[in-house]
Structures are given as C-alpha cells and as structure tokens.
Amino acid sequence: MTLDALDWRLMNDWQRALPLVSRPFQEIARHLDTTEARIIERLKKLLETGAISRIGATCRPNTLAASTLAAVAAPDDQIEEIAAVINAQEGVNHSYERENKWNIWFVATGPTRAFVDDILRRITEQTGLRVLDLRLERPFNVDLGFALDGSNALPQPRAVDTDIKIEASDRAIMQALSEGMMPTACPFADLAARLGQTEAEVLERVRVLAQSGILSRIGLIVRHRALGWRANAMCVFKVPPDEIEACGRALTAVQGVTLCYERRAVPGVWPYTLYCMIHGRSRSETLDVLSQARVAARLVPYEYRILFSTRCFRQQGALIVAPSDKTTGETHAD
C-alpha cells in the first residue's frame, strides 16, 4: 500500500486521541490543516487497505467484560485445523501462531467469566488439547497504541477509576465501539442511532468511560503487521511475586515495550508471570529492545522466553455483549 505523510500523521497521532465531539474528523482536520472531507476520504482508504482495522475503542480487561489469554500446543501438521476450531468460537478476538511448543495463542472475551470458561471448554472438547488459561492478575500497560515514528510521544493511558458507576447502556456502547464506527461526518450520531440513543447521551457516556480509564483508548486501531512491524514478540518472565510490581512498572518505561501485565502461572506447565509485548520491524530490532528491557527492569537473573509471532489468524474487536443481546441492546451484569 502507498501511504503519504498525511496518512502517517493520522495513524500516528490519533490512536488514542479521537476528539469526543460531534464532528471529530473536522477537529482532526483543523489540527492537520486540511479539510474534513479529505480526512474522511483518507480514513476510508486506510480501512479499505487494511492499514487500520477500525475507528473505535478498546476496553480495559475485566471491567465491562471478562477475558483471558490462552494457548494450546497444536501438532505441527494440525495448526491450521486447530486454529480454525479456535476462531470458530464467538468471543475469540485475537489469535496468533507463536514460536513455542505452545504455539497457538488467543484472547477469549465475553460478557461474563462463565461465558469465557465455556469458550475454553468447547475448544478442549473439540480439539482434545489442553488449554492454558492465563488469567490477568495485574495490568501495567494494556494499551497497544505506540508511536509509529519511533518517538515516545503518544498520550499516556489514564489510570482506572474503580468507583465509576457502570450504567445499563455502557456495554452496548462499548460493543459498538469495539466493532468500529464509520468514517462519516457525525460518527457518534450514527452510532447512537444504531443503539436507539441520542448523540448527546452516547458522547457523555464515552467521555465518562474514557476519563475513568475503562475505555483504555479511542481512535484509530492500527494494523501494525500490515505497516511493517512483523517481528513482534511476546516476552514472558518467571519473576518472584515480591518483584513483579517493580519489574512490571520498569518495563512499561522502556521505549519499544508495548503491552505489559502480570498473569497467573500454571504450576508445573507454564511458570511465567510477567508478560510484555515488543513490536519490531526486524528480529534484531526486537531482540535489542528485549536486551535493554531486561537490564532496565532488572530482569537479567530471571528465566524468560521470547515467543515471536509467525502468523496472525485473527485480530478484531472484543465481544462485550452476549451475541443474543446485540440486536435488542440488552446487557448482562457480571
């Protein structure tokens, strides 16, 4: 795909900062010294070419929905077959092949923990494989947005306000944002019409969810692999419990490290508790960042693994509302 300076500015600067106003693309155009029509035209092109997957939002894990990271060890000659079974489950929103015995990794999300458990149970029944359920224990950075120009200049994610009152409509709004908005002059009005609400009502709740940190970011969701970041790796570390917080917070400060969180280990099978993602354009670039991160976060003494992604099977927005409720707008409490 051919991208010019305006395309890169759009993708770099508006991953987390979509203006929460009636005409957000008009506001972006003002910042970029161009027209609203031109911005909308460019966004349509970026969607069509796959440079961005959607214009929407990501939800902080285990706030409006339940989720987990999971993995299976598929026989080499059955990887595509097993991946197809996994991706057939509604609620699996990300899945990748990685370089490890545990070679298919996926994220399962749903309105309740029981919904997620059912996904994992069905995969076990249909494949005959053990599923590692690596539940989130503590997030340090769960926002995949990062500067495409190599800087560290994107706005930082907000802290989460755990006291916010979740309203009945919030899950339906977040589901719509997870699926994505159309690049139209008034995208929030269009979203509100889909939900049977007013634009003012939707904008107010989006602002509240964004301010609280439950909506971890809203903007352009970039497909990094399509843009050249193909040497992406999940790095996992076996860290003593009393060191995890300090190491995790130090990891988030390393330029080149994107996601970072603590997850539950599986005793005797998968002992790793601290995870981060490194997105690189070459393996050497990714390995260089890992070396710097291990030193900066004082992780050198600890056992680790680096799992490069070799294939992306699925990358889409998360399931927040139960499938049967999408057409009715109903939501379920956790």
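Residues numbered from 1 in each chain as written. Predicted model: local features only at pLDDT ≥ 70, side-chain atom pairs only at ≥ 80, totals over all residues. Heavy atoms only, no water.

## Let's talk about the overall build of the chain
Then step 1. In terms of regular secondary structure, the chain is built from 10 helices and 11 strands.
Then step 2. Whereas a compact globule of 334 residues would reach a radius of gyration of roughly 20 Å, the chain reaches 20 Å, a difference of no more than 12%.
Then step 3. Among the 334 residues that make up the chain, the fraction classed as buried is 52%.
Then step 4. Considering only residue pairs separated by 6 or more positions, the chain has 76% of its internal contacts joining residues 24 or more positions apart. (Helix = DSSP H or I, 4+ residues; strand = E, 2+ residues; numbered from the N terminus. Rg over C-alpha atoms; globule rule 2.2 N^0.38 Å. Buried < 20%, exposed > 50% of the residue type's maximum accessible area, 1.4 Å probe, protein only. Contact = heavy atoms within 4.5 Å.)

## Some words on the pattern of salt bridges
Then step 1. Tallied over the entire structure, the rule returns 24 salt bridges.
Then step 2. Of the charged contacts in the structure, one is a salt bridge between R283 and E99, with a shortest N-O distance of 3.1 Å. On the criterion of sequence distance, the pair formed by R283 in helix α10 (residues 283–296) and E99 in the loop between β3 (92–98) and β4 (104–110) is long-range, its members being 184 residues apart.
Then step 3. Among the charged side chains, a network of salt bridges with common partners joins D4, D7, R42 and K45. (Salt bridge = Lys/Arg side-chain N within 4 Å of Asp/Glu carboxyl O.)

## With respect to the pairing of β3
Then step 1. Most of β3 is tucked away, with six of its seven residues classed as buried.
Then step 2. Here β3 runs beside β4; their pairing, made up of five bridges, is antiparallel. The partner of H94 across the bridge, within β4, is V107.
Then step 3. Hairpin connection of β3 to β4: five residues between the antiparallel strands.
Then step 4. Direction of pairing for β3 relative to strand β11 (residues 304–315): antiparallel, over a ladder of five bridges. Residue Y96 lies in a different strand from β11, and its bridge partner there is C312. (Pairing = 2+ DSSP bridges.)

## Quick word on the packing of aromatic side chains
In this description, a pair of aromatic rings is defined by centroid distance and the angle of the planes.
Then step 1. Throughout the structure, instances matching the rule amount to four aromatic pairs.
Then step 2. Note on W270 and Y272: the rings are 4.8 Å apart at their centroids and 70 degrees apart in plane angle, and the pair reads as edge-to-face. There is no split in this pair, since W270 and Y272 are both buried.
Then step 3. Counting every residue linked through ring pairs, the aromatic cluster contains W105, W270 and Y272. (Phe/Tyr/Trp six-rings, centres within 6.5 Å; stacked < 30°, edge-to-face > 60°.)

## Points about the side chain of R42
Then step 1. As for its position among the elements, R42 is in helix α3 (residues 36–49).
Then step 2. Excluding anything up to four places from it in sequence, R42 contacts D4, L6, D7 and L10.

## A short note on the nonpolar core
Then step 1. In this structure, M11 and L177 are the most contacted members of the largest nonpolar core, which totals 47 residues.
Then step 2. A per-element tally of this core places helix α8 (residues 199–212) first, with five residues.
Then step 3. When neighbours within four sequence positions are excluded, L177 is seen to be in contact with R54, G56, A57, L191, V206, L215 and I218.
Then step 4. In this structure, F237, V239, V257 and C276 belong to the second largest nonpolar core, which totals 22 residues. (Core = buried A, V, L, I, M, F, W, Y, C linked by side-chain atoms within 4.5 Å.)

## Some points on helix α9 (residues 244–252)
Then step 1. I244, C247, G248 and L251 are the residues of α9 that are buried. The buried residues of α9 occupy an angular sector of 100 degrees when the element is viewed end-on, so they sit on one face.
Then step 2. Contacts made by the buried residues of α9 are with β6 (136–141), β8 (231–237), β9 (257–263), β10 (274–280) and α10. (Arc of directions from axis to C-beta.)

## A few points about the environment of D33
Then step 1. Note that D33 resides in the loop between α2 (24–31) and α3.
Then step 2. By relative accessible area, D33 is classed as exposed at 73%.
Then step 3. Separated by 77 residues in the primary sequence, D33 and G110 place their C-alpha atoms 41 Å from one another.

## As for the sheet that holds β3
Then step 1. The strand order across the open sheet formed by nine strands is β5-β2-β4-β3-β11-β8-β10-β9-β6, and the pairing between neighbours is antiparallel. With one partner strand each, in any of the chains shown, β5 (132–134) and β6 form the two edges of the open sheet. Direction aside, the axes of adjacent strands within the sheet are offset by 30 degrees on average.
Then step 2. Running at roughly 35 degrees to β6, α9 makes contact with β6, β8, β9 and β10 of the sheet.
Then step 3. Lying over the sheet, α10 contacts β8, β9, β10 and β11, oriented at roughly 135 degrees with respect to β11. (Axes fitted to C-alpha atoms, helices over the stretch in contact; angles between N-to-C directions.)

## Observations concerning the environment of S169
Then step 1. Note on placement: S169 falls in the loop between β6 and α6 (170–179).
Then step 2. Along the chain, S169 and R205 lie 36 residues apart, while their C-alpha atoms are 8.6 Å from each other.

## What to know about the pairing of strand β2 (residues 66–72)
Then step 1. Burial within β2 is extensive, with seven of its seven residues counted as buried.
Then step 2. Of the two faces of β2, the one carrying A66, T68, A70 and V72 and the one carrying S67, L69 and A71 are both buried.

## Overview of the packing of helix α7 (residues 187–195) against α8
The packing of two helices is summarised by the inter-axis angle and the distance between the axes.
Then step 1. Look at α7 against α8: their axes get within 8 Å of each other, and the N-to-C directions meet at 105 degrees. Taken as axis vectors, α7 and α8 run roughly perpendicular relative to one another. Facing F188, A189, L191 and A192 of α7, the residues of α8 in contact are E199, V202, L203 and V206.
Then step 2. Among the residues making up the contact of α7 with α8, the classes are represented as seven nonpolar, no polar and one charged. (Parallel < 35°, antiparallel > 145°, perpendicular 65-115°, else oblique. Nonpolar A, V, L, I, M, F, W, Y, C, P; charged D, E, K, R; others polar.)

On their own, these measurements won't tell you what the molecule is for.
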